Amino acid sequence: MTQAAGSYPSTGFGDLLRLAGGCGAALVRAPGSFDLNLALQDWIEGLVRRSGSKTVVLDLYRTKLLIVTGGELSEHILAQPPDVRSYVEGPTKARAMSFLAPNALTITHGEQWRRLRRFNEETLSAGDAEERLQFILDGVRRAFAGPVSDIDDVRSCMAEVMRTVVFGSDRAPAHLADDVQTLIQHVQNPGRRMLFGWRERGRRKRFYDTLRRLWGESPVSGSHSLMATARRMVRDGGHPEEEILQQIPHWMFTFTGSGTDLLARTLGIVASRSDVYGRVQAEAAGRNTEHLASAVNNMEYLESCLLEACRLFPPVKRTFHVAPQGDSFDGFHIPAGMEILHCFTAGQRDLSVDPTADDFRPERWMEPGSVAAAVYPGLFLGGARECPGKNLILFVCKAAIATLMNVGRMRSVCPALSEDPMPPSFPAGGLRYGMDTG
């Protein structure tokens, strides 16, 4: 590796061969449980070790990629509102999300981003209004009224919650959940998108035709659904209908994608540790969680468990940005137009910053004077780009866990999750739950 003054260490095709070799070796060792994310994570950690830097340029001659694993640079980038004078969405991210929603908040910048950011924040915010929270809690209770045995069960239940919270009770057809899940898989997988994306044109048309129909229908009077809230907000215009409809897929996927992952993983950890489970159970028993949404919302320890699971196993592992006019940070130059890849997993498991980074310690988010939020600012991206649905999905996950605890005693036997240090990635073999409902 080489390093010029004021520039980050650089590597090239040799390290790509290391990645290919690592993937090949992993496939030979365990073809049935190969984890590409883990292979990429190991490769990036190797880059960091060999370069001695948490930021490395992957130089492929005509293409250069700035790989960022350190929290400070990511925090610097995420803190700034997306704008051509600072940082905007990377072309890789823009191409991917445009397959589904070219006007999605996550790939806009400038005035359009500011306008859509306000709209998404006001629509998605639970607002701490008891009526909205109670509406969501009732939907969660109906969806999670029975036991769950694995992540597929959790995803199915979360799809029901999504249909209620986003569209209102008994309004949205079941195919919407399958449609958004399939389309997002193409967004996240460039190979699948390039090879088979054309086959999903009919699904995408059906998806948006259904959204337009639901948007055009009058919602139930006083409905607390996200769509009803959005309609009230845009009553006086200011947002083109197509632009608004393209915000909805991300709301939906927050439930069936990243929200499901966060909930299922937290359940797996909590159910694998009797002391943690007992403390969550005691917290629920000490509040009126069977009846009051505000009591569920105030479950501080359970929320800390969710934050800690999100830190250890982030549902969103990577994102892309670019500085159109270049930038400098901590004495190093960030070239104009070079795509930037943030790798959140490495930054949230940095033992040089936090010796307990591989341990499940929900208490870190509750300790007086805790600096956890400052040490790990990127849990939900953070800064100006922090997920506008953060509080909503945390409440949904707390409500689901509290509801399942009322269904029965949840159990999960997974040695990798039952003790510290935690594994570098969530166990690939799948996690099954057991519930004593007698």
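To start, this report covers the structure provided alongside it. The model shown is predicted, which means the values in this text are computed figures rather than measured ones.

About the cut-offs
Residues numbered from 1 in each chain as written. Predicted model: local features only at pLDDT ≥ 70, side-chain atom pairs only at ≥ 80, totals over all residues. Heavy atoms only, no water. Helix = DSSP H or I, 4+ residues; strand = E, 2+ residues; numbered from the N terminus. Rg over C-alpha atoms; globule rule 2.2 N^0.38 Å. Buried < 20%, exposed > 50% of the residue type's maximum accessible area, 1.4 Å probe, protein only. Contact = heavy atoms within 4.5 Å. Areas by Shrake-Rupley, 256 points an atom, 1.4 Å probe, with all protein chains shown as cover. Lys, Arg positive; Asp, Glu negative; His and termini not counted. Charge placed at Lys NZ, Arg CZ, Asp CG, Glu CD. Pairing = 2+ DSSP bridges. Axes fitted to C-alpha atoms, helices over the stretch in contact; angles between N-to-C directions. Salt bridge = Lys/Arg side-chain N within 4 Å of Asp/Glu carboxyl O. Phe/Tyr/Trp six-rings, centres within 6.5 Å; stacked < 30°, edge-to-face > 60°. Lys NZ or Arg CZ within 6 Å of the ring centre and 35° of its normal. Polar contact = N/O pair within 3.5 Å; in protein donor to acceptor, adjacent residues only side chain to side chain. 1 Å grid on protein atoms, 1.4 Å probe; cavity = no way out; pocket = protein on both sides within 12 Å on 5 of 7 lines; lining within 4 Å. Points joined across faces, edges and corners; volume = space filled by probe spheres on them. Nonpolar A, V, L, I, M, F, W, Y, C, P; charged D, E, K, R; others polar. Expected span 1.5 Å × (residues − 1).

### Overview of the overall build of the chain
Next, step 1: For the chain, the count of helices and strands is 20 helices and 10 strands.
Next, step 2: Relative to a compact globule of 438 residues, whose C-alpha radius of gyration would be 22 Å, the chain shows 22 Å and is just as compact.
Next, step 3: A total of 438 residues make up the chain; the buried ones form 51% of that total.
Next, step 4: Contacts spanning at least 24 positions in sequence make up 72% of the contacts within the chain whose residues lie at least 6 apart.
Next, step 5: For the chain, the computed accessible surface area is about 19400 Å², with 52% contributed by carbon and sulfur atoms.
Next, step 6: A gap of 5 Å separates the mean positions of the 49 positive and 50 negative side-chain charges of the chain.

### Considerations on the sheet that holds strand E5 (residues 318-322)
Adjacent strands of a sheet pair through backbone hydrogen bonds, lying either parallel or antiparallel.
Next, step 1: If you walk across this open sheet you meet the 6 strands as E1-E2-E3-E8-E5-E4, and the pairing is mixed. Bordering the open sheet on either side are strand E1 (10-11) and strand E4 (88-89), each of which pairs with just one other strand.
Next, step 2: Bridge count for strand E2 (residues 55-59) against strand E3 (residues 64-68) is 5 bridges, and the pairing is antiparallel. Pairing of Val56 across the sheet is with Ile67, part of E3.
Next, step 3: Helix-sheet contacts for helix H3 (residues 71-78) involve E2, E3, E5 and strand E8 (339-343), and the interaxial angle to E8 is about 120°.
Next, step 4: The sheet strands contacting helix H4 (residues 91-98) are E4, E5 and E8, and the helix crosses E5 at an angle near 115°.

### A closer look at the pattern of salt bridges
Next, step 1: In this structure the tally under the stated criterion is 30 salt bridges.
Next, step 2: The partner of Arg141 in a salt bridge is Asp138, with the nearest N and O atoms 3.8 Å apart. Within this pair, Arg141 and its partner Asp138 are both found in helix H6 (residues 130-143), separated by 3 residues, close to a single helical turn.
Next, step 3: Among the ionic pairs, Arg155 bridges to Asp261, the shortest N-O distance being 3.7 Å. Highlighted residues: Arg155 in helix H7 (residues 151-167) and Asp261 in helix H13 (residues 248-272), separated in sequence by 106 residues.

### Observations regarding the packing of aromatic side chains
Next, step 1: Per the stated rule, a full pass over the model turns up 6 aromatic pairs.
Next, step 2: Between the aromatic rings of Tyr8 and Phe332, the centroid separation amounts to 4.7 Å while the plane-to-plane angle is 15°, which identifies the pairing as stacked. Of this pair, Tyr8 sits in the segment before E1 while Phe332 sits in strand E7 (residues 332-334), and the two are 324 residues apart along the sequence.
Next, step 3: Their ring planes at 35° and their centres at 5.4 Å tell us that Phe13 and Tyr61 sit as a pair that is tilted. Of this pair, Phe13 sits in helix H1 (residues 13-29) while Tyr61 sits in the loop between E2 and E3, and the two are 48 residues apart along the sequence.
Next, step 4: Taking relative accessible area as the criterion, Phe13 reaches 41% and is therefore assigned partly exposed.
Next, step 5: Judged by its relative accessible area of 66%, Tyr61 is exposed.
Next, step 6: Stacked on the ring of Tyr376, the Lys or Arg Arg311 has its end atom at 4.9 Å from the ring centre.
Next, step 7: The aromatic ring of Tyr277 is capped on one face by Arg409, whose charged end is 3.7 Å from the ring centroid.

### Description of the pairing of E3
Next, step 1: Burial analysis of E3 places 4 of its 5 residues in the buried class, the great majority of the element.
Next, step 2: Between E2 and E3, which pair antiparallel one after the other, the connecting turn spans 4 residues, and Tyr61 there sits at a positive phi close to 70°.
Next, step 3: The sheet contact formed by E3 and E8 spans 4 bridges and is parallel. By the bridge assignment, Leu65 is partnered in E8 with Glu339.

### A few points about the side chain of Ser53
Next, step 1: Examined against the element boundaries, Ser53 turns out to sit in the loop between helix H2 (36-51) and E2.
Next, step 2: A distance of 2.8 Å separates the side chain of Ser53 from the backbone oxygen of Thr55, its partner in a polar contact.
Next, step 3: Apart from the residues within four sequence positions on either side, Ser53 is in contact with Tyr8, Pro9 and Val48.

### A word on empty space enclosed by the protein
Next, step 1: Overall, the coordinates contain 1 cavity of 30 Å³ or more when judged by the stated rule.
Next, step 2: Counting residues per element, the ones that place at least two in the lining of the largest cavity are H2 and helix H17 (344-347).
Next, step 3: Looking at the lining of the largest cavity, the element that brings in the most residues is H2, giving 4 residues.
Next, step 4: The residue makeup of the lining of the largest cavity, split by class, is 5 nonpolar, 3 polar and 2 charged.

### Some points on the layout of surface pockets
Next, step 1: By volume, the second largest pocket is sized at about 530 Å³.
Next, step 2: Breaking the lining of the second largest pocket down by element, the ones donating at least two residues are H3, H17 and helix H18 (372-375).
Next, step 3: Among the elements that line the lining of the second largest pocket, the one with the most residues is H3, at 6 residues.
Next, step 4: In terms of residue class, the lining of the second largest pocket is built from 15 nonpolar, 11 polar and 5 charged.

### Observations concerning helix H14 (residues 274-285)
Next, step 1: Here H14 spans 16 Å end to end across 12 residues, near enough to the 16 Å set by a 1.5 Å rise per residue.
Next, step 2: Residues of H14 that are buried sit in contact with H13, helix H16 (300-312), helix H19 (390-407) and strand E9 (409-411).

### What about the environment of Gly110?
Next, step 1: Within the element layout of this structure, Gly110 appears in helix H5 (residues 110-124).
Next, step 2: The buried category is assigned to Gly110, whose relative accessible area is 9%.
Next, step 3: Distance in space between the C-alpha atoms of Gly110 and Val88 is 8.7 Å, their sequence separation being 22 residues.
Next, step 4: If we ignore the near neighbours within four places in the chain, the residues touching Gly110 are Pro82 and Asp83.

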